Amino acid sequence: MGVYLVLFFISSSFFSVLLLRHVPVTVTPYKVYRMVGNLQEYGLKIKSKWTRIDDISPLMVVAVVSTEDGKFMQHRGFDLDEIKKTRKERKSGKRFRGASTISQQTAKNVFCTPHRNWFRKGLEAYFTVLIETFWDKKRIMEIYLNVIEIRPCVYGVGSAAKLVYAKQASELNSYEASMIATVLPNPYTMNIEKPSRYMVNRAANVRSLMNKTGKIDLGNKKNNKNNDKLR
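Residues numbered from 1 in each chain as written. Predicted model: local features only at pLDDT ≥ 70, side-chain atom pairs only at ≥ 80, totals over all residues. Heavy atoms only, no water.

Novice: I tried to follow a positive patch on the surface on my own but got confused; where do I start?
Specialist: Side chains of K45, K47, K49 and K162 sit close together on the surface and give a patch of like positive charge. Here K45 shows up in the loop between helix 3 (39–42) and strand 1 (47–48). (Patch = residues over 30% accessible without salt bridge, like charges linked within 9 Å, V, L, I, M, F, W, Y side chains within 5 Å. Areas by Shrake-Rupley, 256 points an atom, 1.4 Å probe, with all protein chains shown as cover. Salt bridge = Lys/Arg side-chain N within 4 Å of Asp/Glu carboxyl O. Lys, Arg positive; Asp, Glu negative; His and termini not counted. Charge placed at Lys NZ, Arg CZ, Asp CG, Glu CD. Helix = DSSP H or I, 4+ residues; strand = E, 2+ residues; numbered from the N terminus.)

Here it is, written out as structure tokens:
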């Protein structure tokens, strides 16, 4: 019986990953879990608007790569250097940073729940390998920008652009892109509609990083080492 369950899980996970190469990601375990957890405060509502990557401002891509995963275009799902740094910080007792890449965050947001345990981390790693194998970087980024939670119950850059800035995702400027990137670590304590002084300063730092990163061509894996400045 156990063998059949394992085979079913493997086959269904492969099927899901292959299917999502081509169809929009709408309902996810992560969203359902959040909705149930937020039921008393926010009710049964989720704001989510699927937006094609070609309809999202390139500045948004640069903002999240600059802040979340500088080696996104080079790695195969895991940033080994960041993992080593995090382990050293943990051993030394220092406050350590997260080492999750955009690929790992996408795997978590699409296939897992927010639980913090080793089972979820293992599941996240498994799906990270699958999406890095069967999706290209452009598709990973497209799905990531559509499933990130930017405000409680608000998912995706398209929804945030409309609700917060009253514009299309393609029209986001560098300030707006940097502010969205700023709230990603914790959209429940950072209010994108009423940014604190810390958030404003953090967003300014994000824009500085964006300029150093330069333009990003999601179709070019050797990219991200260019010196093209943002305009």
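Further notes follow.
Novice: Can you walk me through helix 6 (residues 102–111) in this structure?
Specialist: Turn by turn, an α-helix covers 3.6 residues, leaving residues three or four places apart pointing in a common direction. Most of helix 6 is tucked away, with nine of its 10 residues classed as buried. Those residues of helix 6 that fall on the buried side of the exposure criterion are I102, S103, Q104, Q105, T106, A107, N109, V110 and F111. (Buried < 20%, exposed > 50% of the residue type's maximum accessible area, 1.4 Å probe, protein only.)

Novice: In this structure, what is going on with the packing of helix 4 (residues 58–68) against helix 10 (residues 174–183)? I would like to understand it.
Specialist: Relative orientation and spacing of two packed helices are given, respectively, by the angle between their axes and the distance between those axes. Two elements in contact, helix 4 and helix 10, have axes separated by 9 Å at closest approach and are oriented at 40°. The angle between helix 4 and helix 10 falls in the class oblique. When you trace helix 4 past helix 10, the crossing you get is right-handed. Residues L59, M60, A63 and T67 of helix 4 form the contact with helix 10, whose own contacting residues are S174, A177, S178, I180 and A181. Split into classes, the residues belonging to the contact of helix 4 with helix 10 amount to six nonpolar, three polar and no charged. (Axes fitted to C-alpha atoms, helices over the stretch in contact; angles between N-to-C directions. Parallel < 35°, antiparallel > 145°, perpendicular 65-115°, else oblique. Left-handed = near helix turned anticlockwise from the far one by under 90°. Contact = heavy atoms within 4.5 Å. Nonpolar A, V, L, I, M, F, W, Y, C, P; charged D, E, K, R; others polar.)

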